[in-house]
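# Examination of the molecular architecture
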Amino acid sequence: MAVGKLAALFDADCDRIKARSAWDWVFVHDFWGGKEVAKVALDETLAASVPSAYFAKIQCDLAQKKCGRTYTRYASGSSFLPKNLWLKFSVTSTNVPAPYKIVWHVDNHGDEASEHNQLTWETEPSESFEKWTSTAFKGSHRMICRIMKDGRMWAETSHIVKIAPGKWWKR
């Protein structure tokens, strides 16, 4: 029965409300609804500024050098990557009406990123559909893509990158 109820998640017209309703039905617990209400109460302006009908999708490709030819796609959080690789993040699709700007935001975790004062950084809003970065610091990191229009965030998505500790070979 649960699988049948969760099938709604794969419908073309599935939105946040329908998805949360399906999960709430499966788990039969007020945790899901309570968490959403608390988030809205903490940041009503941000929640009100994000129309739920809009989305963005990104992908991450690996390369030997910055702006070089990519050789494979890296699925979000799928495996640990060695250091000394280049990551090319690209917006693959969005339904936000043009014109809009893109902000790339990084949340790094771990002692190496902290030592280099690189726990978080963000680009200026631009029209660039691509952002290059590298696997410099061990740990779990998140690249967040925000689609901005009229001074508000209309869509947001993220991609997890796991980087292994230690010194790795250069390919």
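All of these numbers come straight from a predicted model, not from anything done at the bench.

## Details of the layout of surface pockets
Each pocket or cavity is described by its volume, and for the second largest pocket that value is around 180 Å³. V106, N108, W121, T133 and S134 are, among the 15 residues lining the second largest pocket, the residues nearest its centre. Those elements that provide at least two residues to the lining of the second largest pocket are β4 (86-94), β7 (130-134), β8 (139-149) and β9 (152-163). Counting residues per element, the lining of the second largest pocket draws most heavily on β8, which supplies 3 residues.

## Quick word on the pattern of salt bridges
For side chains bearing opposite charge, pairing can occur when the charged atoms are close. Enumeration over the complete set of coordinates arrives at 7 salt bridges. A salt bridge links R73 to D61, with the shortest nitrogen-to-oxygen separation between them at 3.2 Å. In this pair, R73 is assigned in strand β2 (residues 70-73) and D61 in strand β1 (residues 56-63), connecting sequence segments 12 residues apart. With relative accessibility at 53%, the residue R73 sits in the exposed group. The class for D61 is buried, based on a relative accessible area of 6%. For R146, the salt bridge goes to E122, with nearest N and O atoms at 3.2 Å. Here the residue R146 occupies a position in strand β8, and E122 occupies one in strand β6 (residues 120-122), the gap between them amounting to 24 residues. Residue classification places E122 among the partly exposed positions, given a relative accessible area of 46%. In this structure, a network of salt bridges that share partners links the residues E122, R146 and E156.

## Notes on the environment of G166
As for its position among the elements, G166 is in the segment after β9. Sequence separation of G166 and P82 is 84 residues, and the distance between their C-alpha atoms is 8.4 Å.

## Remarks on the packing of aromatic side chains
Across all of its chains, the model carries 3 aromatic pairs by this definition. Relative to W154, the ring of Y54 lies with its centre 5.0 Å away and its plane at 50 degrees, an arrangement referred to as tilted. Here Y54 is found in the loop between α4 (44-49) and β1, whereas its partner W154 is found in strand β9, with 100 residues between them in sequence. Accessibility expressed as a relative area gives 10% for W154, which makes it buried. Pairing F89 with W104 gives two aromatic rings, centres 6.5 Å apart and planes at 45 degrees, and the pair type is tilted. Taken as a pair, F89 in strand β4 and W104 in strand β5 (residues 101-107) lie far apart in primary sequence, 15 residues in all. Residues F89 and W104 agree in their burial class; the two are buried.

Definitions and cut-offs
- Residues numbered from 1 in each chain as written.
- Predicted model: local features only at pLDDT ≥ 70, side-chain atom pairs only at ≥ 80, totals over all residues.
- Heavy atoms only, no water.
- 1 Å grid on protein atoms, 1.4 Å probe; cavity = no way out; pocket = protein on both sides within 12 Å on 5 of 7 lines; lining within 4 Å.
- Points joined across faces, edges and corners; volume = space filled by probe spheres on them.
- Helix = DSSP H or I, 4+ residues; strand = E, 2+ residues; numbered from the N terminus.
- Salt bridge = Lys/Arg side-chain N within 4 Å of Asp/Glu carboxyl O.
- Buried < 20%, exposed > 50% of the residue type's maximum accessible area, 1.4 Å probe, protein only.
- Phe/Tyr/Trp six-rings, centres within 6.5 Å; stacked < 30°, edge-to-face > 60°.

Interpretation note: all reported values are geometric properties and have no functional meaning in isolation.
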